[in-house]
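Spelled out, the chains give:
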Amino acid sequence: MINSSDFQQLISHRRSIFPRDYTGTRVDDGIVKQIIENAHHAPTHKLTEPWRFVVFTGKGIQKLAAFQAQCYKQVTERDGTFRQERYEGLLTKPAQSSHIISIGMKRDHKNSVPEVEELGAVFCAVENMYLTAAVHGVACYLSTGGVTYFPEAKEFFDLGPPDKLLGFMHLGMPKEWPRPSRRSPVEDKMRWVAE
Ligand SMILES: Cc1cc2nc3c(=O)[nH]c(=O)nc-3n(C[C@H](O)[C@H](O)[C@H](O)COP(=O)(O)O)c2cc1C
């Protein structure tokens, strides 16, 4: 069995670490594959395995950056919300990461389970990714910014109309590992009924 104190330590050691705090060193592809392999072990109702990942690295990161900046421009120029600064961020910021993994949820043809369960399964997969990165000393964070909620972006990430793009996992080597994340008292979030 797994040592429970090591596991406990891993849970509190896990952090979101942002691209500005990456060294620029490339993460080993083998670790990235392990991160995805472990995502694939997440719980999934009726074994639908709704998670879908596209890994961008090297020139692939430039392709992602070009795509998301262009997509943002097209959509926001149409509705009048375009901001040049945002466009430039989408074009240049991806280069800070070693790998960026798009996180998608694909509906099965039979709609076997409610959508909310598929979304839950994908976020379970995301937590497995976070923990695997942490155990290898790799920094990561989930971003739900950029083109995440643009229906126009889905196709680029192998997703169709019933599917959802849920965000982007950014990976890099950390300049340093931050202290454990703060949380409010857990007692505020639970109630026991024992009698
Ligand atoms: C569903 C989800 C979406 C998130 N989206 C963003 C985001 O768009 N931008 C961001 O800076 N952090 C995002 N995060 C990361 C949170 O900011 C981070 O988890 C939080 O600050 C707590 O820090 P920790 O993960 O180190 O405990 C997201 C996290 C989750 C679970």
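### Some details on the overall build of the protein chain
- The number of helices and strands found in the protein chain is five helices and four strands.
- Walking the protein chain from its N terminus toward its C terminus, one meets helices and strands in the order α-α-β-α-α-β-α-β-β.
- Scaling as 2.2 N^0.38, a compact globule of 195 residues should have a C-alpha radius of gyration of about 16 Å, and the protein chain matches this with 18 Å.
- Referenced to the eigenvectors of the C-alpha coordinate spread, the extents of the protein chain come out at roughly 60 × 45 × 35 Å.
- Burial status across the protein chain gives 27% buried among its 195 residues.
- A sequence separation of at least 24 residues applies to 81% of the contacts in the protein chain between residues at least 6 apart.

### Considering the sheet that holds strand β1 (residues 51-57)
- Across the sheet, which stays open at both edges, the four strands sit in the order β1-β2-β4-β3 with antiparallel pairing between neighbours. The open sheet terminates on both sides in strands that have one partner only, identified here as β1 and β3 (139-143). Here the average twist between neighbouring strands, direction ignored, is 20°.
- Direction of pairing for strand β2 (residues 99-105) relative to strand β4 (residues 164-172): antiparallel, over a ladder of seven bridges. Each residue of the ladder has a partner; that of I100, found in β4, is H170.

### Overview of the nonpolar core
- V122, M129, A133, C140, M169 and L171 are the most contacted members of the largest nonpolar core, which totals 36 residues.
- Counting residues per element, the ones that place at least two in this core are α2 (29-39), β1, α3 (59-79), β2, α5 (115-135), β3 and β4.
- Considering each element in turn, this core owes the most residues, eight residues, to α5.
- With near-sequence residues (within four places) excluded, V122 lies in contact with P50, W51, I103, M105 and L166.

### Remarks on the site of the ligand
- Residues in close proximity to the ligand include R15, S16, Y141, L142, S143, T144, G145, G167 and S181, which together make up its full environment.
- Here the shell around the ligand gets three residues from one element, more than from any other, and that element is β3.
- When the residues that make up the shell around the ligand are grouped by side-chain class, the tally is two nonpolar, six polar and one charged.

### A short note on unusual backbone geometry
- At L47, a residue that is not glycine, the phi angle is positive and equals roughly 50°.
- Here L47 lies in the loop between α2 and β1.
- A residue is classified by how many C-beta atoms lie within 10 Å of it, and L47, with 9 of them, is exposed.
- Positioned with a positive phi, E49 is a non-glycine residue whose angle comes to about 50°.
- For E49, the location among the structural elements is in the loop between α2 and β1.

### Points about α3
- Between its first and last C-alpha, α3 extends 31 Å over 21 residues, near the 30 Å set by a 1.5 Å rise per residue.
- Residues of α3 that are buried make contact with β1, α4 (84-92) and β2.
- One or two positions beyond α3, positive phi appears at G80, with a value near 80°.

### A closer look at the environment of A125
- Take A125: it is sitting in helix α5.
- We classify A125 as buried; it has 26 C-beta atoms within 10 Å.
- Sequence separation between A125 and I103 is 22 residues; the distance between their C-alpha atoms is 9.4 Å.
- With near-sequence residues (within four places) excluded, A125 lies in contact with A39, A42 and W51.

Reading the values: rules and limits
- Residues numbered from 1 in each chain as written.
- Predicted model: local features only at pLDDT ≥ 70, side-chain atom pairs only at ≥ 80, totals over all residues.
- Helix = DSSP H or I, 4+ residues; strand = E, 2+ residues; numbered from the N terminus.
- Rg over C-alpha atoms; globule rule 2.2 N^0.38 Å.
- Buried ≥ 20, exposed ≤ 12 C-beta atoms within 10 Å, placed from the backbone.
- Contact = placed C-beta atoms within 7 Å.
- Pairing = 2+ DSSP bridges.
- Axes fitted to C-alpha atoms, helices over the stretch in contact; angles between N-to-C directions.
- Core = buried A, V, L, I, M, F, W, Y, C linked by C-beta atoms within 7 Å.
- Near = placed C-beta within 6 Å.
- Nonpolar A, V, L, I, M, F, W, Y, C, P; charged D, E, K, R; others polar.
- Expected span 1.5 Å × (residues − 1).

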